[in-house]
Amino acid sequence: MNRRLITTALLILCVLTLQAKKDAVPLYKRADAPVEKRVQDLLKRMTLEEKILQLSQGLLGGNDNANNIMPDDASMTVSPMIGSVIYTSTGPQQRNALQKRAMEETRLGIPVVFGYDVIHGYRTIYPVPLACACTWNPELVRRCCSVAASESRASGVDWTFSPMIDIARDPRWGRVVEGYGEDPYTTSVFAAAAVKGYQGDNPAAPDKVAACLKHFVGYGASEAGRDYVYTEISDQTLWDTYLPPYEAGVKAGAMTVMSAFNNISGIPATANRYTLTDILRRMWGFKGLVVSDWDAVFQLIHQNHASDKADAALKALSAGVDLDMTDNVYQDTLEQLVKEKRLSEDVIDEAVRRVLRVKFELGLFENPFTPDTPAALLTPESVKTAESAAEESMVLLKNEGGILPLKNVGEIALIGPLVTDDFNLMGPWTAHGQSSDVKGLLEAFKEEFGGKAELTYARGCEYSGTTDRSGFTEAIAAAQKADVIIACLGEYNNWTGENASRASIQLPPIQRELLEALDATGKPVVLLLVNGRPLDLSQAIEHADAVLEMWQPGIAGSRPAAGIVSGRINPSGKLAITFPFTIGQIPIYYNRRSPARDPNQGYYQDYPVEPLFPFGSGLSYSSFDYGNIVLSADRVDKDGALEASVTVKNTSERDGMETVHWYIQDPVCSVSRPVKELKHFEKAMIKAGETRTFTFDINVKRDFSFVDRHGSKILEKGDVYIIVKDRKEKVTIE
Ligand code: GLC
């Protein structure tokens, strides 16, 4: 009997001891407690000063990124109570030094979250996002983002300021390179793929990071393609064009959003309660944090929207911007605003909850430090993923006389400033990409054609800003000896990206002159383009028999480019953005609305109406015959569904990948709709001679409805057309 009593007593003692120990650990530090309870528990322990510092983002580290230059000892000067820093160092050491101070020298031990612009790769730089969209392969893009997440987290970055999902229809705007093109549906699909790649199913995992949907919202509508400026966006256009990718990203579980620089029809995005709170939080239920763009809170003063820093802070925080990037405006003004009763501490509390929630969900309280072991960068499989993305992103725009793939050529002249370049092939926002990681075009062509053709190289000219034609003589001599000329021309990587708007989107004059001189030799010319935006090729296109748009492919694009020229690779990329015939046509995009007059009126009298290369353009070495669209029903009710299918036959002798784009057209709607709207796409390999059936499972409400200027979905009875290529079938909604 005694033995049992003693045992029971001991057990009770153990339980009480464990419970006492558990009680001694504050709830917010208990990993087994629900996140919301941890947030609440921590928040109630915080002082106003501690709360305000959590809403500030500073800078830490140093690299050559013009945006983020910092002294290397900053980890000792940044407050350990700060909410977040933009972390630009190449390894976790500085991060861990600051984090150690945050965990051990502060009263509550709240970890810092470290963000960075990992836009298309951390060290394994894959193609620029605009190129990635031209793969029409979301799974591949998800894999690229997963590689970026893994390299980032292992290097001390918990949070990437990506994906950029601003719809852009004006290639004068440098940031067109950072997004997924002109179409809301396409960008929505890639937004979700990127979020899944970055965050996975558990963003606390050591190879995942928080994603950031940016720049919320409408930044791509920047007037005349200038950066940071006013954007005239009606509520209708806001809802039917600029918001859909963000709704998709939020649905995909994005943990953060970045507020934009632009002024949305009078209310700057960073002080816009309608977008930041009414839409993002109340309509979509977003629970993550909103970070401002760089100094964007302070810039409300420049935008004639705030009288001073305190006013700017009050407007931004009240609108829904939780974390203030780099201008210290919240840090400098919020306490006084509370003291003056101009700001309720409840508003601060809600912002702090969102910041803490992200930190808990990233697992930073349990794992605040990055293991100080060499990160697995540039692994063979990571580089292979980057190469696959480059391969599938390249778009064969022109191939007159089937000059490509090259056949029976004895001598190839590689000419142009891009042939031996490396850094510029990576494009802008190169994070920790290194020029030494880039395989250049000359090396790749030598590998590709070694033993098959003689290669000569001549630079020909510089990128731009010169009338020096002294290199032409050597280039022309090389061309005259060769059977074919590969002209490698394009842009510097900083001609696109932030603050990189250009009033001309043509190739620079000296490059155009070189191309004309090469064409004048009478030899076939293949133009390889390395650029980050649609170019005005109106004065170049006639001087090239073939044009391969290779974009800025990252570190592993040269082999695919050489492989497409040789025929080892069958090109499969298609444009996710329109190439205008000339800059005068801008804005020009496929999903425009019909004009009042019939097509031969109201357009330019001096230039063609159509673009040079429309959205969806892209040639293959295979040839594909499309069957007619087959519908499972031609009458449906509003809650209905139907299946549309089309057969595609590869009539060539080459296996080839084809992307089928499914559009809908609603000719009569209470809100007039675009001439057609992409609603589904599917890319698949079709073997030579094979016929493959592509299917679009249509949900009437999802795929046929439209959105009005209040964000309400509208679906009206009447006829809707389903379009694939030039095939069109009618469905009647009853
Ligand atoms: C920049 C960019 C934004 C970037 C941020 C941090 O100004 O607009 O895209 O994420 O600042 O570098």
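Data block above holds the structure.
Residues numbered from 1 in each chain as written. Predicted model: local features only at pLDDT ≥ 70, side-chain atom pairs only at ≥ 80, totals over all residues. Heavy atoms only, no water.

S.K.: Would you mind going over the packing of helix α15 (residues 441-449) against helix α18 (residues 558-566) with me for this structure?
M.R.: Angle between the axes and distance between the axes are the two parameters that describe a pair of packed helices. The geometry of α15 relative to α18 is characterised by a closest axis approach of 8 Å and an angle of 45 degrees between their N-to-C directions. In this view, α15 runs oblique relative to α18, as classed from their interaxial angle. As α15 packs across α18, the resulting crossing turns out to be right-handed. On α18, the residues touching Leu441, Ala444, Phe445, Glu447, Glu448 and Phe449 of α15 are Ser558, Arg559, Ala561, Ala562, Gly563, Val565 and Ser566. When its residues are assigned to classes, the contact of α15 with α18 shows 7 nonpolar, 3 polar and 3 charged. (Axes fitted to C-alpha atoms, helices over the stretch in contact; angles between N-to-C directions. Helix = DSSP H or I, 4+ residues; strand = E, 2+ residues; numbered from the N terminus. Parallel < 35°, antiparallel > 145°, perpendicular 65-115°, else oblique. Left-handed = near helix turned anticlockwise from the far one by under 90°. Contact = heavy atoms within 4.5 Å. Nonpolar A, V, L, I, M, F, W, Y, C, P; charged D, E, K, R; others polar.)

S.K.: Just to check I follow, could you spell out the site of the ligand for this structure?
M.R.: Close to the ligand lie Asp117, Phe161, Arg175, Lys214, His215, Met258, Phe261, Asp293, Trp294, Met325 and Glu498. At 2.7 Å from an oxygen atom of the ligand is found a side-chain nitrogen or oxygen belonging to Arg175. Side-chain polar atom of Asp293 to an oxygen atom of the ligand: 2.6 Å apart, as the coordinates give it. Relative to its free-state accessible area of 310 Å², the ligand is covered by the protein chains to the extent of 99%. Taken together, the residues that form the shell around the ligand break down as 5 nonpolar, 1 polar and 5 charged. (Near = heavy atom within 4 Å. Polar contact = N/O pair within 3.5 Å; in protein donor to acceptor, adjacent residues only side chain to side chain. Areas by Shrake-Rupley, 256 points an atom, 1.4 Å probe, with all protein chains shown as cover.)

S.K.: Teacher, can you tell me more about the nonpolar core here?
M.R.: The biggest cluster of nonpolar side chains holds 205 residues, and the ones touching the most others in it are Leu334, Ile348, Leu406, Ile415 and Ile486. Ignoring anything within four residues of it in the chain, the contact list for Leu406 reads Ile412, Phe449, Val484, Ile486, Val565 and Ser566. With 24 residues, the next largest nonpolar core counts Val646, Ile686, Ile722 and Ile733 among its residues. (Core = buried A, V, L, I, M, F, W, Y, C linked by side-chain atoms within 4.5 Å. Buried < 20%, exposed > 50% of the residue type's maximum accessible area, 1.4 Å probe, protein only.)

S.K.: I'm lost on the pairing of strand β2 (residues 84-87) in this one. Help?
M.R.: Sheet faces and side chains relate simply in a regular strand, where the side chains alternate between the two faces. On β2, burial covers both faces: Ser84 and Ile86 on one face and Val85 and Tyr87 on the other are all buried. Bridge analysis of strand β1 (residues 56-60) against β2 gives 4 bridges, and the strand direction is parallel. Its bridge partner being in β2, Gly58 is matched across the sheet by Val85. Bridge count between β2 and strand β3 (residues 113-116): 3 bridges; the pairing is parallel. Each bridged residue has a counterpart across the sheet, and for Ile86 the counterpart in β3 is Gly115. (Pairing = 2+ DSSP bridges.)

S.K.: For this particular structure, what's the right way to read the packing of aromatic side chains?
M.R.: Two aromatic rings are characterised by how far apart their centres lie and by the angle between their planes. One pass over the structure, following the stated rule, counts 24 aromatic pairs. Summarising the aromatic geometry, the rings of Phe216 and Trp284 are spaced 6.4 Å apart at their centres and angled 65 degrees between planes, so their arrangement reads as edge-to-face. With a gap of 68 residues between them, Phe216 in strand β5 (residues 212-216) and Trp284 in the loop between α10 (273-283) and β10 (289-291) connect regions that are remote in the sequence. There is no split in this pair, since Phe216 and Trp284 are both buried. For the pair Tyr590 and Tyr663, a centre-to-centre distance of 5.4 Å together with 65 degrees between the ring planes defines the contact as edge-to-face. (Phe/Tyr/Trp six-rings, centres within 6.5 Å; stacked < 30°, edge-to-face > 60°.)

S.K.: I tried to follow α15 on my own but got confused; where do I start?
M.R.: It helps to recall that an α-helix has 3.6 residues per turn; residues three or four apart then point in one direction. Of the positions making up α15, those classed as buried are Leu441, Leu442, Ala444, Phe445, Glu448 and Phe449. Viewed along the axis of α15, the buried residues span an arc of 165 degrees, placing them on a single side of the element. On its buried face, α15 sits against β13 (411-415), β14 (454-458), β15 (484-490), β16 (525-530) and α18. Phi for Gly451, located one or two positions after α15, is positive at around 80 degrees. (Arc of directions from axis to C-beta.)

S.K.: What is the right way to look at the pattern of salt bridges in this model?
M.R.: A side chain with one charge may pair with a side chain of the opposite charge, provided their charged atoms come close. For the coordinates displayed, the defined rule picks out 49 salt bridges. Between Asp41 and Arg45 there is a salt bridge, with the nearest N and O atoms lying 3.0 Å from each other. Highlighted residues: Asp41 and Arg45, both in helix α2 (residues 35-45), separated by 4 residues, approximately one helical turn. Overall, the relative accessible area of 5% leaves Asp41 in the buried class. Among the ionic pairs, Lys701 bridges to Asp639, the shortest N-O distance being 3.0 Å. Of this pair, Lys701 sits in helix α19 (residues 700-704) while Asp639 sits in the loop between β20 (635-636) and β21 (641-650), and the two are 62 residues apart along the sequence. Its relative accessible area of 64% is what places Asp639 among the exposed residues. A network of salt bridges, in which partner residues are shared, links Arg281, Asp322, Glu350, Arg353 and Arg354. (Salt bridge = Lys/Arg side-chain N within 4 Å of Asp/Glu carboxyl O.)

S.K.: Is there a simple way to explain unusual backbone geometry in this structure?
M.R.: Phi is mostly negative for residues that are not glycine, and the peptide bonds are mostly trans. The step from Phe216 to Val217 runs through a cis peptide bond, and the omega angle for that step is 5 degrees. Pro587 follows Ile586 through a cis peptide bond whose omega is 0 degrees. Residue position: Pro587 is located in the loop between α18 and β18 (624-626). One non-glycine residue, Trp429, lies in the positive phi region at around 55 degrees. Within the secondary structure layout, Trp429 lies in the loop between β13 and α15. You will see that Ala431, though not glycine, has its phi angle at about 45 degrees, which is positive.

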